[in-house]
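Structural overview
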Amino acid sequence: DLNADVGEPSQELKEDWLLMSENKSMILPARPFVDGQGRRRILHVVKIPCRARGGPALLNVATDITERRQAEDLARSQNLLLGELARGTPPEEVLRLAIETAEKLAPGLRCSVLFMAPDRRHLVHGLAPNLPAEYSRAVDRLEIGPLAGSCRAAAYLGQGVHVQAVLEHPHR
């Protein structure tokens, strides 16, 4: 009840009342929120005045645009990386930018790049800007194999190996 005397109304409530009284719709800028499962989402909200139960009301239509925004961010990032390659940016710098971009797009993700050693039997550390130095030393020169950790198995098999939970994978 917008007429209840419960103290000073919030700024948002005042704005909603103005929309209803002027019969104007409003499109709000996309804004982040955390859903009931603790995931960060992005909402696009439209406020539409209407009538309900004989009085003014405001219909709020919220659309979750998280996936669309992520796809747009990914496309922008890919174009940025391709542009860097086209400009002749050194490969190590492009890889560093790719890692930074991936970690920005997926908060909590930590990436590394390993290279095949000249002997084609081992992987060597390349880049891991946000992982501990101990990790880089530990994975340097590990032998590849079909039952090795996912990176070493992928190198051995010549194809991607997808693991949901690295610490629970039998061949970590």
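Overview of the structure.

The next thing to look at is the overall build of the protein chain. When helices and strands are tallied, the protein chain shows five helices and seven strands. Its C-alpha atoms give the protein chain a radius of gyration of 26 Å, clearly above 16 Å, the size a compact globule of 172 residues would have. In terms of overall dimensions, the protein chain has C-alpha extents of about 80 × 40 × 25 Å along its principal axes. Classification of the 172 residues of the protein chain by burial places 24% in the buried group. Contacts in the protein chain between residues far apart in sequence, at least 24 positions, make up 22% of those at least 6 positions apart. One way to put it: in the protein chain the 22 positive side-chain charges average out to a point 3 Å from where the 22 negative ones average out.

Below, the discussion takes up a nonpolar patch on the surface. Together, I48, L59 and V61 make up a nonpolar patch on the protein surface, roughly 210 Å² of accessible area in all. Here V61 is to be found in strand β4 (residues 55-64).

This part covers helix α1 (residues 11-22). For α1, spanning 12 residues, the distance from its first C-alpha to its last is 17 Å, which sits close to the expected 16 Å at 1.5 Å a residue. Buried within α1 we find D16, L19 and M20. Buried residues of α1, seen end-on, are gathered within an arc of 95 degrees and therefore sit on one face of the element. Residues of α1 that are exposed and point more than 90 degrees away from the buried face comprise Q11 and S21. Considering only its buried residues, α1 is in contact with β1 (26-27), β3 (40-52) and β4. One or two positions beyond α1, positive phi appears at N23, with a value near 55 degrees.

Quick look at the layout of surface pockets now. What the second largest pocket holds in volume is close to 410 Å³. Lining the second largest pocket are 17 residues, and of these Q70, D73, K104, L105 and P107 lie nearest its centre. Among the secondary structure elements, those contributing two or more residues to the lining of the second largest pocket are β3, α2 (66-86) and α3 (91-105). In terms of residue count, the dominant contributor to the lining of the second largest pocket is α2 (eight residues). Here the residues of the lining of the second largest pocket sort into seven nonpolar, five polar and five charged.

Turning next to the pairing of strand β2 (residues 31-34). Sheet topology note: the β2/β3 ladder contains four bridges and is antiparallel. Across the sheet, the residue bridging to R31 is L43, located in β3. Two successive antiparallel strands, β2 and β3, enclose a turn made up of five residues, where G38 displays a positive phi of approximately 80 degrees.

Calculation notes
Residues numbered from 1 in each chain as written. Predicted model: local features only at pLDDT ≥ 70, side-chain atom pairs only at ≥ 80, totals over all residues. Heavy atoms only, no water. Helix = DSSP H or I, 4+ residues; strand = E, 2+ residues; numbered from the N terminus. Rg over C-alpha atoms; globule rule 2.2 N^0.38 Å. Buried < 20%, exposed > 50% of the residue type's maximum accessible area, 1.4 Å probe, protein only. Contact = heavy atoms within 4.5 Å. Lys, Arg positive; Asp, Glu negative; His and termini not counted. Charge placed at Lys NZ, Arg CZ, Asp CG, Glu CD. Patch = residues over 30% accessible without salt bridge, like charges linked within 9 Å, V, L, I, M, F, W, Y side chains within 5 Å. Areas by Shrake-Rupley, 256 points an atom, 1.4 Å probe, with all protein chains shown as cover. Salt bridge = Lys/Arg side-chain N within 4 Å of Asp/Glu carboxyl O. Expected span 1.5 Å × (residues − 1). Arc of directions from axis to C-beta. 1 Å grid on protein atoms, 1.4 Å probe; cavity = no way out; pocket = protein on both sides within 12 Å on 5 of 7 lines; lining within 4 Å. Points joined across faces, edges and corners; volume = space filled by probe spheres on them. Nonpolar A, V, L, I, M, F, W, Y, C, P; charged D, E, K, R; others polar. Pairing = 2+ DSSP bridges.

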